[in-house]
Amino acid sequence: QYQGLAGRSTNEVLQLYSAHGQQQKLQRSSVVTQLHGAIKKRLKQDLKSLRSFALELSKDFQRQSKTYLYQVLTAVQRIQLQNEAMQMFQIKAFDLEQSLLEVTERYEKEKQKRRALHNSLVELRGNIRVHCRIRPLLPFDTAAGHSISQDRQRSFSEKVAYAADDETVLVKCSRPGHASINKTFQFERVYNALESQDTVFADVAPLLTSLLDGYNVCIMAYGQTGSGKTYTMLGPRLEENFAFSIEDESELGIIPRATQEVFRLISEKPPGSYWVEVSAVEVYNNEIFDLLAKDSCGKVFGVKRDVVTTREGKSDVPLLTHETVENASEFLHLVNKGLQLRVRHPTLVHAHSSRSHLVVTLTITTIVSGDNFGTSWEDEQTSQRLNKEVSCTFPQKMRDNKSTSSSRASSPAQLEAAEKLKQVKTRLQLVDLAGSECVGMSGVTGAALRETSFINRSLSALADVLGAIAEQRSHVPYQNSKLTHLLQDSIGGDAKLLVMLCISPDQKYLTESMQSLGFGARARQVQRGQVKKKNFPVQSKAK
């Protein structure tokens with residue numbers, strides 16, 4: 001279209017350019033108008049679609065809001081129902097707790113009644129009370145020291161003895177290739193590994209009141225070596241001198257606690273009506289040693305004594321040292337001195353194994369008036385024996401008081417009153433037996449092996465004596481061992497006897513634990529007849 005411009009004038013060219021520009025403006029205006037119309041149309045369509053979408057969204061939101069609101073209301077109602085149900089459950093749980101509490105209280109009362117009836121039956125039959133204490137697992141249970149493989153060592157560390165309840169011991173017996181068998185043993189009381197010295201003594205304490213009621217009492221700890229007998233009877237030991245510690249009263253054993261209780265009971269009685277003497281012996285290699293005997297310088301050293309049977313059929317140790325004590329502190333001081341002489345020897349099982357049987361005896365003498373004695377005091381032999389005991393065994397201060405009052409007596413009435421004083425003796429024997437021992441486990445040799453032989457033989461003799469009493473044989477072999485001969489009166493029925501079995505829960509000591517439990521089960525069956533009470537005065541009625 002630009003062809004032919006060369007031959008034209010400038011005006012013509014300008015006119016052509018102007019016409020062309022106007023034409024392009026018109027074209028552009030037309031395009032813009034078309035584009036504006038298209039955009040306007042598209043915007044109207046989009047706006048319509050947006051309105052439609054907004055309406056749909058609003059309707060959907062309303063529907064979902066209603067749904068969610070319904071769900072919330074439903075959830076609130078459900079929560080309210082659950083709260084009501086929870087409240088009902090709490091009410092029912094509280095009622096059940098109250099019912100359980102009432103049932104538990106009734107059960108405890110019935111158990112106490114049953115235990116009281118059982119104790120009465122034990123009293124009538126003269127049975128031996130047997131308590132069992134299971135010690136906790138200790139570091140030396142898993143310590144190396146036995147020539148066994150590591151796998152077997154791990155299996156030996158398994159706990160197999162449990163307190164099923166406060167009267168039942170459960171033992172899991174298993175052997176390789178055999179099914180496990182659970183065995184149970186029933187005793188008057190069973191203590192688990194967590195029960196304290198306080199708990200153990202709480203069940204022993206009632207026996208001590210029998211002392212002042214005129215009964216002899218014997219408490220004996222039995223079990224394998226390392227089972228906790230000495231800890232139960234004495235408490236924790238001081239390593240430097242093997243005496244027992246009295247610093248922590250909560251850890252004290254039966255012997256110091258029993259002494260404290262005896263003096264507490266005596267303190268409630270009239271002053272001067274009781275006095276207490278203590279003796280301590282050990283039975284080592286079937287020989288009796290007096291642990292309170294003193295040399296010429298007053299130093300305590302062990303003196304060999306012998307045990308004899310008196311004409312009355314009672315056991316006695318001539319020349320045995322009896323020290324008068326006025327309180328528990330004096331007693332503990334004396335016993336601690338004697339304990340330093342007790343023979344000990346380390347073994348693979350126990351680093352401080354006791355190699356002797358310890359017998360601590362408290363003799364309580366009651367001063368009573370002869371006017372009110374029952375008929376048994378009229379027996380001539382008994383009266384002569386008592387008069388002899390009064391003249392021979394009165395403590396020095398009592399004899400001095402008696403001689404002084406006699407010298408001052410100015411009338412036959414005063415002399416007659418002095419003559420009417422009598423004494424009644426009751427004994428509390430506290431026995432810490434040496435532990436039964438398996439030589440293969442303890443690894444002892446030489447002198448310690450000989451000690452083990454004597455220990456096991458004396459414990460076998462104790463079992464034989466109980467077996468003979470249980471079978472009511474005409475002959476009871478008390479004199480087969482110095483231990484049984486020394487304890488003849490207590491074992492034979494002249495004392496209320498409590499055996500405190502001590503066992504280890506470890507698989508390693510299963511054989512020894514079963515032997516101890518078997519001994520306790522047999523001891524429970526022994527019927528010795530009703531324990532005899534010492535004759536106290538019969539109170540005369542007021543005229």
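Scroll up for the structure.
Quick look at the structure, then.

### Description of the packing of aromatic side chains
- Scanning the model with the defined rule gives 1 aromatic pair in all.
- Seen from their ring centres, Tyr222 and Phe519 are 3.9 Å apart, and the 10 degrees between their planes marks the pair as stacked. Taken together, the positions of Tyr222 in strand 6 (residues 216-223) and Phe519 in helix 15 (residues 510-524) put the pair 297 residues apart, joining distant regions of the chain.
- Judged by its relative accessible area of 2%, Phe519 falls in the buried class.

### Describing the pattern of salt bridges
- Enumeration over the complete set of coordinates arrives at 16 salt bridges.
- Glu188 is paired through a salt bridge with Arg524; the nearest N and O atoms lie 3.1 Å apart. Linking Glu188 in the loop between strand 4 (181-186) and strand 5 (189-191) with Arg524 in helix 15, this pair joins segments that are 336 residues apart in sequence.
- Exposure remark for Glu188: the relative accessible area of 9% places this residue in the buried category.
- Arg524 gets classed as buried once you look at its relative accessible area, which sits at 18%.
- The salt bridge involving Glu287 is made with Lys482; its shortest N-O contact spans 3.6 Å. Linking Glu287 in strand 8 (residues 287-290) with Lys482 in helix 13 (residues 482-486), this pair joins segments that are 195 residues apart in sequence.
- The class of Glu287 is partly exposed, set by a relative accessible area of 26%.
- A network of salt bridges, in which partner residues are shared, links Arg189, Glu195 and Asp203.

### A closer look at the side chain of Ser315
- When you line up the elements, Ser315 lands in strand 11 (residues 315-316).
- Of note is the side chain of Ser315, whose polar atom sits 3.3 Å from the backbone oxygen of Leu486.

### As for the pairing of strand 7 (residues 274-284)
- For strand 7, the tally of buried residues reaches 11 of 11 residues, placing the bulk of the element in the interior.
- Covered by surrounding structure in strand 7 are Tyr274, Val276, Val278, Ala280, Glu282 and Tyr284 together with Trp275, Glu277, Ser279, Val281 and Val283, the residues of both alternating faces.
- Sheet topology places strand 7 next to strand 12 (residues 323-325); 3 bridges connect them, and they run antiparallel. The partner of Glu277 across the bridge, within strand 12, is Thr324.

Calculation criteria
- Residues numbered from 1 in each chain as written.
- Predicted model: local features only at pLDDT ≥ 70, side-chain atom pairs only at ≥ 80, totals over all residues.
- Heavy atoms only, no water.
- Phe/Tyr/Trp six-rings, centres within 6.5 Å; stacked < 30°, edge-to-face > 60°.
- Helix = DSSP H or I, 4+ residues; strand = E, 2+ residues; numbered from the N terminus.
- Buried < 20%, exposed > 50% of the residue type's maximum accessible area, 1.4 Å probe, protein only.
- Salt bridge = Lys/Arg side-chain N within 4 Å of Asp/Glu carboxyl O.
- Polar contact = N/O pair within 3.5 Å; in protein donor to acceptor, adjacent residues only side chain to side chain.
- Pairing = 2+ DSSP bridges.

Fair warning: the whole summary comes from geometry, so function is off the table for now.
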